[in-house]
Amino acid sequence: RIEIGAAGLETAIGDAIGISLKRLEDVKSRSNIIILLSDGKSNAGELTPEEALKTASDRKIKIYTIGVGTDGIVPFLNKDRISGRQFIDQARFETDEPTLQKIASETGGKFFRAENLESLASVYNEIDRLEKTKVKIKDHSDYRELYPFFILASVFLFLLHATLSNIRFINVP
């Protein structure tokens, strides 16, 4: 169910932090953290980053921010809404590092910069080294068991075979 591509043209950092804070209410651990992976530009959402930042600071939740992207015109994967085909498009991106640095510093977290997959992997390793807490979470996987259909079909075929093989004129030598 995961698709590769741009999540959208708008970013709601405040809402993302707010949803993360709501999710962390149920988690009991020594320290709670949020990892915010963004270009730093917040241009959508109902909750502003400043309001979410104040709430996170009040709850003593650290936010580690990772600035991604490159300033200037960059290629990104896009999807045609009608045909569903993916294509590479060009767009102008600008990162807002000061906002990400402010979010990290005011919550006791740390700001990282990731310009490629290798640096992103090293950032996650660094955060993993800094924060270690075992947490039990509820699995919200959605799946359906399909084996009853095969069992019913096999029982039906067995009964059909048993019935037809006991009829005198249906036996095939």
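Procedures and definitions
Residues numbered from 1 in each chain as written. Predicted model: local features only at pLDDT ≥ 70, side-chain atom pairs only at ≥ 80, totals over all residues. Heavy atoms only, no water. Helix = DSSP H or I, 4+ residues; strand = E, 2+ residues; numbered from the N terminus. Buried < 20%, exposed > 50% of the residue type's maximum accessible area, 1.4 Å probe, protein only. Contact = heavy atoms within 4.5 Å. Core = buried A, V, L, I, M, F, W, Y, C linked by side-chain atoms within 4.5 Å. Pairing = 2+ DSSP bridges. Axes fitted to C-alpha atoms, helices over the stretch in contact; angles between N-to-C directions. Salt bridge = Lys/Arg side-chain N within 4 Å of Asp/Glu carboxyl O. Parallel < 35°, antiparallel > 145°, perpendicular 65-115°, else oblique. Left-handed = near helix turned anticlockwise from the far one by under 90°. Nonpolar A, V, L, I, M, F, W, Y, C, P; charged D, E, K, R; others polar.

Peer 1: What is the right way to look at the environment of Ser-38 in this model?
Peer 2: Mapping Ser-38 onto the fold places it in strand 1 (residues 33-38). Ser-38 sits in the buried class, given a relative accessible area of 7%. Taking C-alpha positions, Ser-38 is 8.2 Å from Gly-69, a pair spaced 31 residues apart along the chain. Leave out the neighbours within four places in its chain, and Ser-38 touches Thr-11, Ile-13, Ile-66, Gly-67, Val-68 and Leu-100.

Peer 1: What am I meant to see in the nonpolar core here?
Peer 2: Inside soluble globular proteins, nonpolar side chains tend to come together where they are buried. Ranked by size, the top nonpolar core spans 16 residues in total, and within it Ile-17, Leu-21, Ile-34, Leu-36, Ile-63 and Ile-103 carry the most contacts. Within the residue set of this core, elements represented by two or more residues are helix 1 (13-24), strand 1, helix 2 (49-58) and helix 3 (97-107). Excluding its chain neighbours within four sequence positions, the residues that come into contact with Ile-17 are Ile-34, Leu-36, Ala-52, Ile-63 and Ile-103.

Peer 1: Is there a simple way to think about the sheet that holds strand 5 (residues 111-114) in this case?
Peer 2: Pairing between the strands of a sheet is mediated by backbone hydrogen bonds and can be parallel or antiparallel. Across the sheet, which stays open at both edges, the three strands sit in the order 1-2-5 with parallel pairing between neighbours. Taken across any chain shown, the strands that pair with only one partner, and hence form the sheet edges, are strand 1 and strand 5. Neighbour-to-neighbour, the strand axes of this sheet turn through a mean angle of 20°, independent of strand direction. Where strand 1 meets strand 2 (residues 62-68), six bridges bridge the pair, whose relative direction is parallel.

Peer 1: Can you help me understand the pattern of salt bridges in this one?
Peer 2: Oppositely charged side chains can pair when the atoms bearing their charge come close. Inspection of the entire model under this criterion finds six salt bridges. Measuring nitrogen to oxygen at the nearest pair gives 3.4 Å for the salt bridge that ties Glu-25 to Arg-59. Residue Glu-25 is located in the loop between helix 1 and strand 1, and its partner Arg-59 is located in the loop between helix 2 and strand 2; the two are separated by 34 residues in the primary sequence. In this structure, Lys-54 engages Asp-58 in a salt bridge whose closest nitrogen and oxygen atoms are separated by 3.2 Å. Of the two residues, Lys-54 and Asp-58 are both situated in helix 2; the distance of four residues between them amounts to about one turn of the helix. Residues Lys-54 and Asp-58 agree in their burial class; the two are exposed. A cluster of three or more residues bridged by salt bridges with shared partners is formed by Lys-22, Glu-25 and Arg-59.

Peer 1: Can you walk me through the packing of helix 2 against helix 3 in this structure?
Peer 2: Pairs of packed helices are described in terms of their axes, by the angle between the two and the distance that separates them. Contact geometry for helix 2 and helix 3: axes closest at 9 Å, N-to-C directions at 20°. Comparing the axis directions of helix 2 and helix 3 gives the class roughly parallel. Crossing hand, helix 2 versus helix 3: right-handed. Seen from helix 2, the contacting residues are Glu-50, Leu-53, Ala-56 and Ser-57; seen from helix 3, they are Lys-102, Ile-103, Glu-106 and Thr-107. Taken together, the residues of the contact of helix 2 with helix 3 break down into three nonpolar, two polar and three charged.

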